[in-house]
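Structure assessment
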Amino acid sequence: MSRYDWMEEEWERLKSVSLARSIRSVDAVIGEEGTWIRVSGKSLLNLSSNNYLGLAHDPRLKAAAVRGIEEWGAGATASRFVLGSHGLYEQLEQRLAEWKGREAALVFANGYQANTGVISALVGRGDAVFSDRLNHASIVDGIVLSRAEHCRYRHNDMEHLEYLLKRHQGARRKLIVTDTVFSMDGDLAPLADLVELKRRYGALLMVDEAHAGGVLGRSGEGLCHELGLSREVDIIMGTFSKAFGSYGAYVCGATSVVRYLTSKARSLIYSTALPPSVLASIHAALTIVQEEGERRKRLRELGSRFRGMLRERGFSVAEGRTPIIPLVLGESGVALQYSRMLEERGIAAVAIRPPTVPAGTARIRFTVMATHTTTELEWAADQLQQIRAELQWEGR
Ligand SMILES: Cc1ncc(COP(=O)(O)O)c(C=O)c1O
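Residues numbered from 1 in each chain as written. Predicted model: local features only at pLDDT ≥ 70, side-chain atom pairs only at ≥ 80, totals over all residues. Heavy atoms only, no water.

As annotated in an unreviewed UniProt entry, the protein chain carries the name 8-amino-7-ketopelargonate synthase and comes from Brevibacillus brevis. We quote the UniProt Function (unreviewed entry) comment for the protein chain here in full: "Catalyzes the decarboxylative condensation of pimeloyl-[acyl-carrier protein] and L-alanine to produce 8-amino-7-oxononanoate (AON), [acyl-carrier protein], and carbon dioxide." In its Subunit (unreviewed entry) section, UniProt records this for the protein chain: "Homodimer." (UniProt positions renumbered as here; feature names shortened; annotations may be inferred.)

So, in structure tokens, the structure goes:
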């Protein structure tokens, strides 16, 4: 008997239902486009990255990171509340507020900390949070941490949301929270309806633009901006870890909101500030996101081309205009098998399983990047078709 037996048992159980997780090692990323990686000596086409605009290996981001280190050092060494924060932070927050057309912005270490810190600062016991069932895990964890009542509404179902808002009219504070682009499905939240409901029921509205930043909106601002609703949303959160190719996150909104969060968000107060290299690379990425609209255009085109290629080969994929293209396969074992066979054929495409997605909806989550070529995507679609034939998997 070992005191770790229960962990071994649970791990064996997870393995038996295809839910054990492991982390594979990557030898290298090949080239500046970020579209190919090398794993165990083999080159794989990367169809699983959130590096939508292909910026993570852009020489301008790398050079900015080096300059950040040279000027400010390798680490921040403490929370911003201990040693203050240098110019890179303040300039970034000003640029973000301007870009988003809001009064103020606040940078967090990452999206997970932004969501957990903001939600747990805004609501507590006696309050109610209305959250889409498919929201990101960091939102769920923020709600759990806050101790407010967690009211989950069916995905994008505004009738269900209204029903829950009515039932919790008596809550001290009400917060509606949603992803704008859902991370595992790539579909969009019905933002205009959410704004209408938040007004009608006196709730605050918080949105997570992690997968919309850099991708939607004229200058990559996100869905709120694209729909002309950014001033109607109380808290807009976004990350720099996806289309920006860097790391970190932010929230923006009215000065009162940002000032309040600066004093109350524990994940901000009790955690070391971002390294200068990261902040400097975010600055470089923001400039590219704002100025190189053709990357966004190409991303949109490639997304719809790849959807079309999959449909032409008889796969059922939903319409959409984001780079996230899920191929829902059902059972975790099937999704894992597809993922393994894709890898054997030279494609990295990750299987997404519960609890990340609801039971019975395990999938391959394909993501395209602005730096892919149509030839690469065509080749990937052919491989998928051959795998299906090999597995004699009918009807997909
Ligand atoms: C919708 C959403 N919100 C928040 C996060 C967390 O962001 P980060 O990876 O910066 O912690 C992610 C990504 O993992 C996400 O997909």
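Let's pick the thread back up.
According to the domain assignment, the protein chain contains domain 1 (21-53 + 293-391) and domain 2 (59-291). Taking the mean C-alpha position of each, domain 1 and domain 2 sit 27 Å from one another. In this complex, domain 1 contributes 22 residues to the contact, which on the side of domain 2 involves 28 residues. Roughly 1,800 Å² is buried in total at the junction of domain 1 and domain 2, and carbon and sulfur atoms are behind 54% of that figure. Three residues, R296, R321 and T322, lead the burial of domain 1 against domain 2; their summed loss comes to 30% of the area buried on that side. If you look at where domain 1 meets domain 2, you find 2 salt bridges. For E226, the salt bridge goes to R321, with nearest N and O atoms at 2.4 Å. (Domains from an automatic or database assignment. Contact = heavy atoms within 4.5 Å. Buried area = accessible area lost by both parts, 1.4 Å probe. Salt bridge = Lys/Arg side-chain N within 4 Å of Asp/Glu carboxyl O.)

Here we come to the site of the ligand. For the ligand, the set of nearby residues contains 14 residues, the closest of which are G111, Y112, D208, H211 and K242. K242 places a side-chain nitrogen or oxygen 3.2 Å from an oxygen atom of the ligand. When the ligand is considered free in solution it has 380 Å² of accessible area, and contact with the protein chains removes 84% of it. Examining the composition of the shell around the ligand, we find that 3 residues originate from one element, helix α5 (residues 111-122), more than from any other. Taken together, the residues that form the shell around the ligand break down as 2 nonpolar, 9 polar and 3 charged. (Near = heavy atom within 4 Å. Polar contact = N/O pair within 3.5 Å; in protein donor to acceptor, adjacent residues only side chain to side chain. Areas by Shrake-Rupley, 256 points an atom, 1.4 Å probe, with all protein chains shown as cover. Helix = DSSP H or I, 4+ residues; strand = E, 2+ residues; numbered from the N terminus. Nonpolar A, V, L, I, M, F, W, Y, C, P; charged D, E, K, R; others polar.)

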